Amino acid sequence: MSAPDPDAEREVDLRSYLSALTLRWWLPAAGLAGGIVIGLLISLGGRQVWTANTTVYLGQPLSPTGSVQIQSDATNPSEVGVIIHSEANLRRAARAADMPVSKLRGHVSSRPVAGALTKLGQTPFVQITVTGSAPRHVQVAANTLAQIVVTDASTYADKLIASWQDQVSTYAQSLKTIDQQLNGGSLSATDKLIVSIQRAQIADQLTTAKQQLAVAQEVERGKQKTFAAATKTTAKSRRNTVIVAALLGLLIGIFAALLWEPLGRVVRRPS
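A brief look at the structure comes next. Remember, predicted model here, so these are calculated numbers, not experimental data. (Residues numbered from 1 in each chain as written. Predicted model: local features only at pLDDT ≥ 70, side-chain atom pairs only at ≥ 80, totals over all residues. Heavy atoms only, no water.)

Now for the nonpolar core. Within the largest apolar cluster, 29 residues are counted, with the highest numbers of intra-cluster contacts made by Val56, Leu58, Leu104, Val130 and Val149. For this core, the secondary structure elements donating two or more residues are strand S1 (48-57), helix H3 (78-84), helix H4 (87-97), strand S3 (125-132) and helix H5 (135-153). For this core, the element with the most residues is H5, which contributes nine residues. Core analysis: the second largest hydrophobic core is formed by 13 residues, Trp164, Ile178, Val195 and Leu206 among them. (Core = buried A, V, L, I, M, F, W, Y, C linked by side-chain atoms within 4.5 Å. Buried < 20%, exposed > 50% of the residue type's maximum accessible area, 1.4 Å probe, protein only. Helix = DSSP H or I, 4+ residues; strand = E, 2+ residues; numbered from the N terminus.)

Put into structure tokens, the structure is as follows:
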């Protein structure tokens, strides 16, 4: 007696499967169509999500002489996360955006922008993100939180700016007084020479103060580099949802076509 040929048995099984699928083609087709419909319904019911991103520069504090970088809150990117998750600041942002603070909690985040070298003392750009269901709310909340971060991180720079502004104003007033004396004609030639020397010294000091003021304003103080604009995203991708649902429906239809006859025999078998 010859042994059974497994290849022949496998060929018979494949033919029976193909025959079942051909005979009951409408089951896979119905499963595919049903999956597409269900996927569309699921995707249409997906909640729309709005995202607002803004980027802030925390500032780079320098020593009073302006020659050495110093460490402060502004050089620590983690400071941003502490500030934007503060309950008081969340409430301020929620009031500005005219939204419940409960809609803001858990929907704000921050991360350093890639490329910053914090180990070398570089202050990175930090991105603040707010998500929610209303575009205006997330946009206003993100911009408000960014301004809060800039203000809190720039206290040292603001004091320097105020000091340099006072010096610039003092030097400018001194030059004005000296010019009035030189143009008044009441000074002797010797006095005019002395006053002219003093004027040159004060003019140099004024130039230095203006330069230091510019450094404090443009380098040491933080600023909001990009303002938030809400963009729409979806909680689920419509295309992916439809594709997955269609494939599941097709597979269910194929299994139904293959199991139709065996299950029918079981149902019709007498008890």
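What follows is about a nonpolar patch on the surface. Residues Val244, Leu248, Leu251, Phe255 and Leu259 make up a contiguous nonpolar surface patch of roughly 480 Å² in combined accessible area. In this fold, Leu248 is placed in helix H8 (residues 238-268). (Patch = residues over 30% accessible without salt bridge, like charges linked within 9 Å, V, L, I, M, F, W, Y side chains within 5 Å. Areas by Shrake-Rupley, 256 points an atom, 1.4 Å probe, with all protein chains shown as cover. Salt bridge = Lys/Arg side-chain N within 4 Å of Asp/Glu carboxyl O.)

As a packed pair, helix H6 (residues 155-184) and helix H7 (residues 189-220) sit with axes 8 Å apart at the nearest point and diverge in direction by 155°. One way to sum up the angle between H6 and H7 is to call them roughly antiparallel. The interaxial crossing formed by H6 with H7 has left-handed handedness. (Axes fitted to C-alpha atoms, helices over the stretch in contact; angles between N-to-C directions. Parallel < 35°, antiparallel > 145°, perpendicular 65-115°, else oblique. Left-handed = near helix turned anticlockwise from the far one by under 90°.)

Moving on, we get to H6. Counted at 1.5 Å a residue, the expected span for H6 with its 30 residues is 44 Å, and the 44 Å between its end C-alpha atoms agrees. Two residues or fewer after H6 comes Gly185, characterised by a positive phi angle close to 80°. (Expected span 1.5 Å × (residues − 1).)

The next thing to look at is the environment of Gly81. If you trace the backbone, Gly81 turns up in helix H3. Given a relative accessible area of 17%, Gly81 falls into the buried group. Through-space distance from the C-alpha of Gly81 to that of Ile128 is 8.7 Å; in sequence the pair is 47 residues apart.

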